[in-house]
Amino acid sequence: MADNQVSRTSRQAGQHVSAALLTAAVALTDGVWTNLGGINPVTVEVSGITNATVEIRVSNAQTQPLNTVHERQAGDTIKKDGVFIIDYPVEWIKARIPTYTSGTIDANLVGFMF
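My aim in this report is to walk through the structure given alongside it, one point at a time. From a predicted model like this one, the values you see are computed outputs, not experimental measurements.

Overview of the overall build of the protein chain
Then, number 1: Along the backbone of the protein chain there are zero helices and seven strands.
Then, number 2: The N-to-C order of helical and strand elements in the protein chain reads β-β-β-β-β-β-β.
Then, number 3: In the protein chain, buried positions account for 38% of the 114 residues.
Then, number 4: When the accessible area of the protein chain is evaluated, it comes to approximately 6,100 Å², of which 50% is carbon and sulfur surface.

Written out as structure tokens, the structure reads:
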């Protein structure tokens, strides 16, 4: 799945959403906003960090912000691989790489709304 493409599927008790926020990123990037439509909680799994940092950014703007606009940071700056939880509703989310020396970085989002 390409960055910023959201997969939404209905399940018996709710809606499942998944999206690739970063795919094999090997440079600085502002990221691409993905519309969540308030689905929460969501998890973002970040992997492939060698020497870089990743930020999860969120916005409740009514329209999609420009990719060069970073809005609010959710949580701390990420310096190593892990799974991060956003447990409040947001309209837009993206992952950005503000510092990069090495690594092939992926950031994948999964959420389920009951």
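Overview of the environment of Tyr 100
Then, number 1: With respect to the secondary-structure elements, Tyr 100 resides in strand E7 (residues 92-113).
Then, number 2: As for Tyr 100 and Ala 25, which are separated by 75 residues in sequence, their C-alpha atoms are 9.8 Å apart.
Then, number 3: With residues up to four places along the chain from it excluded, the contact list for Tyr 100 reads Ala 25, Val 26, Ala 27, Leu 28, Asn 51, Ala 52 and Ile 105.
Then, number 4: Within the local environment of Tyr 100, its side chain forms a polar contact with the backbone oxygen of Gly 103, the two atoms lying 2.6 Å apart.

Considering the nonpolar core
Taken as a class, soluble globular proteins show a tendency for nonpolar side chains to be buried jointly.
Then, number 1: Within the largest apolar cluster, 24 residues are counted, with the highest numbers of intra-cluster contacts made by Val 44, Val 46, Val 54, Ile 56, Ile 93, Ile 105 and Leu 109.
Then, number 2: For this core, the elements supplying multiple residues, two or more each, are strand E2 (14-25), strand E4 (42-59) and E7.
Then, number 3: When residues in this core are grouped by element, the largest group, eight residues, is from E4.

Regarding the pattern of salt bridges
Then, number 1: Throughout the structure, instances matching the rule amount to three salt bridges.
Then, number 2: Across the pair Asp 30 and Arg 96 runs a salt bridge, and its minimum N-O distance is 3.7 Å. Note that Asp 30 is positioned in the loop between E2 and strand E3 (34-35) and Arg 96 in strand E7, a separation of 66 residues in sequence.
Then, number 3: The buried category is assigned to Arg 96, whose relative accessible area is 13%.
Then, number 4: Linking Glu 55 and Arg 96 is a salt bridge whose minimum nitrogen-to-oxygen distance equals 2.9 Å. Remark: Arg 96 occurs in strand E7 and Glu 55 occurs in strand E4; sequence separation between them is 41 residues.
Then, number 5: Salt bridges linked by common partners bring Asp 30, Glu 55, Arg 57 and Arg 96 together as one network.

Structural notes on the environment of Asp 87
Then, number 1: Structurally, the position occupied by Asp 87 is in the loop between strand E6 (82-86) and E7.
Then, number 2: Discounting residues that sit within four places of it in the chain, Asp 87 has contacts with Asn 40 and Pro 41.

Rules used in this analysis
Residues numbered from 1 in each chain as written. Predicted model: local features only at pLDDT ≥ 70, side-chain atom pairs only at ≥ 80, totals over all residues. Heavy atoms only, no water. Helix = DSSP H or I, 4+ residues; strand = E, 2+ residues; numbered from the N terminus. Buried < 20%, exposed > 50% of the residue type's maximum accessible area, 1.4 Å probe, protein only. Areas by Shrake-Rupley, 256 points an atom, 1.4 Å probe, with all protein chains shown as cover. Contact = heavy atoms within 4.5 Å. Polar contact = N/O pair within 3.5 Å; in protein donor to acceptor, adjacent residues only side chain to side chain. Core = buried A, V, L, I, M, F, W, Y, C linked by side-chain atoms within 4.5 Å. Salt bridge = Lys/Arg side-chain N within 4 Å of Asp/Glu carboxyl O.

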